[in-house]
Amino acid sequence: MEVTARDGTLIVLDCGTGAHELGQHLAASREPPICGHLLITHTHWDYIQGFPFFTPLFVRGNEWDVYAPQGVGQRLEDTLAGQMEYSYFPVGLRQLGATIRYHELVEGAFDVGEVRVTARYMNHPGLAMGYRLEAGGVALVYATDHEPHSPHQPDAPRRAGAPALPVHREDREHIEFLAGADLVIHDAQYELREYPTKRTWGHSPAELAVDFALAAGAKRLALFHHDPFRDDAALDRLVESCRRRAVTGALDVFAAAEGQTIELAEREAVTPRAARQPEAAIAKGVGAASATILLVDDDPDIVRLLTMTLRPEGFRLLSASDGNAALEIARAERPDLLLLDWNMPGRNGL
Ligand SMILES: [Zn+2]
Ligand SMILES: [Zn+2]
């Protein structure tokens, strides 16, 4: 997906197979250099598969900033390079002509041109991020690969015609994330009746996407992440039933489609909601180099295992094999984190 702000800031949301056509379109419609920001929600293959086929990355003079949630144990650059190894692709990541900068994110807000970007974790296997983009009083929320946190919600009793009330604190925060958006692009892979067998797969029933958008007072909802088993006719039926569900509110529901263009009219400037979010969403690289962790366990294998796991993350590691030694080290070194065994000879962990 391409998002162009009023000041010309170019943002691309995810990099699936559609990135090939988008790259061609950008090359044909813009003056070089073509510079932009690629916001990746997560690195599941369907979201990065188009990366090696996105032509602006091949052109010297172009500059791209690539953002994705900070992973565990592997840098974003290495994750992207993996699918471009020689067995899979003839051009390696480091041979791409454009200047590419990588940014690993945690939750929070940052600015890209005039666009305020707020990142929030979605509920999806592995780490996935949703993005709220705000500029000129207009808000767009991209929330895909997400499912409700509350398993009870579909069965919750409802007043006639009223949207279901989400019960989970995280679901309430999700609604806050969507609040007042001019356009919400939301995961809607399943129908509610299919959902019980698909729970924990990380995708939403379309009906609940409607409920969330209604509760958030959003203006338009693009159903997204269509199930590949659904043909156009089935998708039309799903949109129809979602429109009936949305009829109580002023919510415009439609199915996201390839080639669609949506203009979001600028409104009088309001303080972006995201301004209240904490700054510095960009992580300082994998691990916090200066943090000290004290490992306490009488089983040397456990200490060795933890050391092997944590050492590559750049932590400073200390260890003790019993409670008394641990206390002494803790007093002297003031570690940032204790990983403490409970049952130990002499003084126990507690
Ligand atoms: Zn995924
Ligand atoms: Zn997906």
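What this report covers is the structure whose coordinates are included nearby. Quick caveat: nothing in here was measured; it's all calculated off a predicted structure.

All right, on to the pattern of salt bridges then. This model, assessed by the stated rule, comprises 22 salt bridges. When the shortest N-O distance is used, the salt bridge between aspartate 211 and arginine 245 registers 2.8 Å. You can see aspartate 211 sitting in helix 5 (residues 206-215) and its partner arginine 245 sitting in helix 6 (residues 232-245), a full 34 residues away along the chain. Classification of aspartate 211 by relative accessible area gives buried; the value is 0%. Each of Arg75, Glu77, Asp78 and Arg94 takes part in a single network of salt bridges with overlapping partners.

Protein-derived coordination of the zinc ion (ligand 1) comes from His42 (NE2), His44 (ND1), His124 (NE2) and Asp145 (OD), at a distance range of 2.1 to 2.8 Å. Angles of 78 to 176° at the metal separate the four donor atoms of the zinc ion (ligand 1), which places the site in the irregular class. Mapping the donors of the zinc ion (ligand 1) onto the primary sequence yields the spacing H-x1-H-x79-H-x20-D. A separation of 3.5 Å is found between the zinc ion (ligand 1) and the zinc ion (ligand 2), which are bridged by aspartate 145. Taken as a pair, histidine 42 in the loop between strand 3 (36-39) and helix 2 (45-48) and histidine 124 in the loop between strand 7 (115-121) and strand 8 (129-135) lie far apart in primary sequence, 82 residues in all. With respect to burial, histidine 42 and histidine 124 carry one shared label: buried.

Those residues of helix 4 (residues 169-178) that fall on the buried side of the exposure criterion are Asp171, His174, Ile175, Phe177 and Leu178. Buried residues of helix 4, viewed axially, fall in a sector of 155°; they line one side. When the buried face of helix 4 is taken as reference, the exposed residues oriented beyond 90 degrees from it are Arg169 and Arg172. Looking at the buried residues of helix 4, the elements they touch are strand 7, strand 8, strand 9 (138-143), strand 10 (183-187) and helix 5.

Strands sit in the order 14-13-15 across an open sheet of three strands; the sheet is parallel. The open sheet terminates on both sides in strands that have one partner only, identified here as strand 14 (316-320) and strand 15 (337-340). Each strand of the sheet is rotated relative to its neighbour by a mean of 20°, with strand direction disregarded. Bridge count between strand 13 (residues 292-296) and strand 15: four bridges; the pairing is parallel. Note that in strand 15 the partner of leucine 295 across the bridge is leucine 339. Where helix 7 (residues 300-310) meets the sheet, its contacts fall on strand 13, strand 14 and strand 15, and the angle it forms with strand 13 comes to roughly 160°. Seen against the sheet, helix 8 (residues 323-333) touches strand 13 and strand 14 and runs at an angle of roughly 150° to strand 14.

Spatial ordering of the open sheet is given by 1-2-3-4-5, a layout of five strands whose pairing is mixed. Single-partner strands in this sheet number two, and they are strand 1 (2-4) and strand 5 (99-105). On average, each strand axis in the sheet is inclined to that of its neighbour by 20°, with strand direction left out of account. Here four bridges tie strand 3 to strand 4 (residues 63-69), and the two strands are oriented parallel to one another. Within strand 4, the residue paired with leucine 39 across the bridge is tyrosine 67.

The subject of this paragraph is the packing of aromatic side chains. In this description, an aromatic ring pair is defined by two values, namely the gap between the centres and the angle between the planes. A complete count under the given rule lists four aromatic pairs for this structure. Consider the rings of phenylalanine 53 and phenylalanine 89, whose centres lie 5.2 Å apart with planes at 80°: the pair is edge-to-face. Residue phenylalanine 53 is found in the loop between helix 2 and strand 4, and its partner phenylalanine 89 is found in the loop between helix 3 (76-82) and strand 5; the two are separated by 36 residues along the sequence. Overall, phenylalanine 89 belongs to the buried group, its relative accessible area being 12%. Ring centres of phenylalanine 54 and tryptophan 64 lie 5.1 Å apart, and the angle between their planes is 85°; this geometry places the pair in the edge-to-face category. On the criterion of sequence distance, the pair formed by phenylalanine 54 in the loop between helix 2 and strand 4 and tryptophan 64 in strand 4 is long-range, its members being ten residues apart. Tryptophan 64 matches phenylalanine 54 in its accessibility class, with the two residues each being buried.

About the cut-offs
- Residues numbered from 1 in each chain as written.
- Chains lettered and ligands numbered in written order.
- Predicted model: local features only at pLDDT ≥ 70, side-chain atom pairs only at ≥ 80, totals over all residues.
- Heavy atoms only, no water.
- Salt bridge = Lys/Arg side-chain N within 4 Å of Asp/Glu carboxyl O.
- Helix = DSSP H or I, 4+ residues; strand = E, 2+ residues; numbered from the N terminus.
- Buried < 20%, exposed > 50% of the residue type's maximum accessible area, 1.4 Å probe, protein only.
- Donors = N, O, S within 2.8 Å, 3.2 Å for Na, K, Ca; no water.
- Tetrahedral: all angles 85-135°; square planar, octahedral: opposite > 155°, others 65-115°.
- Arc of directions from axis to C-beta.
- Contact = heavy atoms within 4.5 Å.
- Pairing = 2+ DSSP bridges.
- Axes fitted to C-alpha atoms, helices over the stretch in contact; angles between N-to-C directions.
- Phe/Tyr/Trp six-rings, centres within 6.5 Å; stacked < 30°, edge-to-face > 60°.

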